[in-house]
Amino acid sequence: GESVGLHLPTLSVQEGDNSIINCAYSNSASDYFIWYKQESGKGPQFIIDIRSNMDKRQGQRVTVLLNKTVKHLSLQIAATQPGDSAVYFCAEIRTSYDKVIFGPGTSLSVIP
Amino acid sequence: GAVVSQHPSWVICKSGTSVKIECRSLDFQATTMFWYRQFPKQSLMLMATSNEGSKATYEQGVEKDKFLINHASLTLSTLTVTSAHPEDSSFYICSASYHGANVLTFGAGSRLTVL
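Residues numbered from 1 in each chain as written. Chains lettered and ligands numbered in written order. Predicted model: local features only at pLDDT ≥ 70, side-chain atom pairs only at ≥ 80, totals over all residues. Heavy atoms only, no water.

Caption draft 1: Layout of the overall build of chain A. Helix and strand counts for chain A come out as zero helices and 10 strands. Order of helices (α) and strands (β) in chain A, N terminus to C terminus: β-β-β-β-β-β-β-β-β-β. In terms of its C-alpha atoms, chain A occupies a principal-axis envelope of roughly 45 × 30 × 20 Å. Classification of the 112 residues of chain A by burial places 43% in the buried group. Counting only contacts in chain A whose residues sit at least 6 apart along the sequence, the fraction spanning at least 24 positions is 54%. (Helix = DSSP H or I, 4+ residues; strand = E, 2+ residues; numbered from the N terminus. Buried < 20%, exposed > 50% of the residue type's maximum accessible area, 1.4 Å probe, protein only. Contact = heavy atoms within 4.5 Å.)

Caption draft 2: Summary view of the confidence of the model for chain B. Summing up the model confidence of chain B, the mean pLDDT is 91 and the portion of residues at 70 or higher is 94%. Across chain B, strand β11 (residues 110-114) of chain B holds the top mean pLDDT of 97, while strand β10 (residues 104-106) of chain B sits lowest at 85. (pLDDT = per-residue confidence, 0-100.)

Caption draft 3: Main features of the interface of chain A and chain B. Taken together, the contacts link 24 residues of chain A with 22 residues of chain B. Carbon and sulfur atoms make up 53% of the surface buried where chain A meets chain B, a total of about 1800 Å² over both sides. Counting across the interface, chain A meets chain B through zero salt bridges. Counting the contacts that link chain A with chain B gives four residue pairs in polar contact (both at pLDDT 80 or more). Elements represented by at least two residues in the side of chain A that touches chain B include exactly β3 (32-38) and β9 (99-102) of chain A. When grouped by side-chain class, the residues that make up the side of chain A that touches chain B number 10 nonpolar, nine polar and five charged. (Buried area = accessible area lost by both parts, 1.4 Å probe. Salt bridge = Lys/Arg side-chain N within 4 Å of Asp/Glu carboxyl O. Polar contact = N/O pair within 3.5 Å; in protein donor to acceptor, adjacent residues only side chain to side chain. Nonpolar A, V, L, I, M, F, W, Y, C, P; charged D, E, K, R; others polar.)

Caption draft 4: Just the side chain of S90 of chain B, in detail. Residues and elements named next belong to chain B. Residue placement: S90 occurs in strand β9 (residues 90-97). Of note is the side chain of S90, whose polar atom sits 3.0 Å from the backbone oxygen of Q38. Excluding its chain neighbours within four sequence positions, the residues that come into contact with S90 are R37, Q38, F39, S110, R111 and L112.

Caption draft 5: Focus on the environment of Y25 of chain A. All names here are of chain A. Mapped onto the elements of the fold, Y25 is located in the loop between β2 (19-24) and β3. Separated by 79 residues in sequence, Y25 and P104 have C-alpha atoms that sit 10.0 Å apart. Discounting chain neighbours no more than four positions away, the residues touching Y25 are F33, L66, N67, K68, K71, H72 and E92.

Caption draft 6: Summary view of the state of the cysteines. Taken as a whole and assessed by the stated rule, the structure comprises two disulfides over all chains. Disulfide partner of C23 of chain A: C90 of chain A, at an S-S distance of 1.6 Å. Pair noted here: C23 of chain A is in strand β2 and C90 of chain A is in strand β8 (residues 86-94), with a separation of 67 residues, a long-range link. Taking the relative accessible area as the measure of exposure, C23 of chain A reaches 6% and is therefore buried. Each disulfide pairs two cysteine sulfurs, and for C23 of chain B the partner residue is C94 of chain B, the sulfurs being separated by 2.0 Å. (Disulfide = S-S within 2.5 Å.)

Caption draft 7: Looking closely at the packing of aromatic side chains. All names here are of chain A. Scanning all chains against the criterion turns up eight aromatic pairs over all chains. Ring centres of Y36 and F102 lie 5.5 Å apart, and the angle between their planes is 40 degrees; this geometry places the pair in the tilted category. One end of the pair, Y36, is in strand β3; the other, F102, is in strand β9, with 66 residues separating them in the sequence. Exposure remark for Y36: the relative accessible area of 1% places this residue in the buried category. Taking the relative accessible area as the measure of exposure, F102 reaches 4% and is therefore buried. Across the ring face of Y32, the terminal group of R51 is positioned such that the distance to the ring centre comes to 4.4 Å. (Phe/Tyr/Trp six-rings, centres within 6.5 Å; stacked < 30°, edge-to-face > 60°. Lys NZ or Arg CZ within 6 Å of the ring centre and 35° of its normal.)

Below is the structure:
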């Protein structure tokens, strides 16, 4: 597969604080990006997406920032809650190939 | 809308047997389905892409004769792990998209344990 398995980096935050999860993507031809949340034993759940013609998109408590110059994506979660504890993956899509490639993931742990 | 169902959610089998996992799009027609494998504490690794009515496209390093993929209809794709061995134990996840929309919906995954 194209996504190389790595041990997950972890991020611990205090409940109520803001969380920032970063991701570097690999291909400058990717034109669509998605953040997914995966809870233990479940499939990935869509959080927010952004197209390459944008640099910021906001949802409910979440914001995605895209920096195409350095091929960097970030997910900001405001007022982090215990229910936000999960593994977060960024995914890049090259729509011409209709293929989704996942980043290595970050495990977010919220401290009550 | 856009619900993808996987079955079974978990399966335990003996080494050497074959196991079939189903992936169904419940409320939309999926022109393309993807199969991923995920080992503990690792990311999802794309195994193959299947389009309805045609042969699946496998990623480099994935054995097509071991992981048989069939996408016979717009709502069903199956992954068969043939002659399973303990190293095939993993979490298998499918996703589906429909043409014209960059919407990718994931199933809940199927955990395979090979004894």
